[in-house]
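# Structural overview
Chain by chain, the residues run as shown.
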Amino acid sequence: MDKSTLVTALRAMNNVLSRKGQHETLVVIGGAALTLSFPDFDRPVKDVDGVWVSNNLLDAAEEVTYDLDLPSFWFHCAAGNPEEIRTVTLLSNLEVKAPSKDYLLCMKLRSGRMPEKAPDVADVSFLIEHMPNITSPKDWQTLYVKFFKTRDWKPWIADAANQALATKNES
């Protein structure tokens, strides 16, 4: 799902909610949060991971699935308790929120799936490149410990983060 399709789907959900006189807040994590938080994030995402999703949102998403001919798995409930949430899209009946950029980076560092399984390594590199507050390994490590109270990141994700920093600092 590219950015245009994602935005179209969210606007369609807003229209469904508006028609029913409902107002909802959707908290997104993962790739959809990156897409909505960074204007130049252009990697397609496979789905929208919603946290604390109401039945009204599920109903709106189901209607939009058929109206826009989206894959059945495009919208689902995700586990999580994201911190530092802020509004990334405000429509008349749907407010879409996402975790802070700091928290998004730490979520990607924490998931640390292997590159052949998911784009976490590429996403970590993208985030570090686009976050002026991350200039050394200590910066991302401090944030990670702040949010998760542990240093349990995977070696390959730490290597990717540090490589992205080295590339960023060369520029």
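Up top is the structure.
All values reported here derive from a predicted model rather than from experimental measurement.

Thresholds applied
Residues numbered from 1 in each chain as written. Predicted model: local features only at pLDDT ≥ 70, side-chain atom pairs only at ≥ 80, totals over all residues. Heavy atoms only, no water. Helix = DSSP H or I, 4+ residues; strand = E, 2+ residues; numbered from the N terminus. Contact = heavy atoms within 4.5 Å. Core = buried A, V, L, I, M, F, W, Y, C linked by side-chain atoms within 4.5 Å. Buried < 20%, exposed > 50% of the residue type's maximum accessible area, 1.4 Å probe, protein only. Pairing = 2+ DSSP bridges. Right-handed = clockwise from strand over helix to strand, strands pointing away. Phe/Tyr/Trp six-rings, centres within 6.5 Å; stacked < 30°, edge-to-face > 60°. Lys NZ or Arg CZ within 6 Å of the ring centre and 35° of its normal.

### Remarks on the environment of R113
- Looking at where R113 falls in the secondary structure, it is placed in the loop between α4 (101–111) and α5 (120–129).
- Sequence separation between R113 and K168 is 55 residues; the distance between their C-alpha atoms is 23 Å.
- If we ignore the near neighbours within four places in the chain, the residues touching R113 are K108, A118, D120, V121 and W156.

### Brief notes about the nonpolar core
- Residues M13, V28, W74, L105, I128 and W140 are the most contacted members of the largest nonpolar core, which totals 53 residues.
- By residue number, the principal contributor to this core is helix α1 (residues 3–19), which donates seven residues.
- Once residues within four sequence positions are removed from consideration, W74 is found in contact with M1, A9, M13, K46, D47, V48, A61, V64 and T65.

### Some thoughts on the pairing of strand β2 (residues 48–51)
- Here β2 shows two buried faces, one formed by V48 and G50 and the other by D49 and V51.
- Two elements, strand β1 (residues 24–29) and β2, share three bridges in a ladder whose sense is antiparallel. Directly across from V28, in β2, lies its bridge partner G50.
- This β-α-β element, β2 to helix α3 (residues 55–67) to strand β3 (residues 75–77), shows right-handed connectivity.

### With respect to the packing of aromatic side chains
- With the rule as written, the count across this model stands at eight aromatic pairs.
- For the pair W74 and F75, a centre-to-centre distance of 5.4 Å together with 50° between the ring planes defines the contact as tilted.
- For W74, a relative accessible area of 0% gives the class buried.
- Put simply, the rings of Y103, W140, Y144, F147, F148 and W153 pair up and form one aromatic cluster.
- Sitting over the face of the ring of F38, K101 holds its NZ or CZ atom 4.6 Å from the ring centroid.
- Positioned above the aromatic ring of F148, the side-chain terminus of R110 is 4.5 Å from the ring centre.

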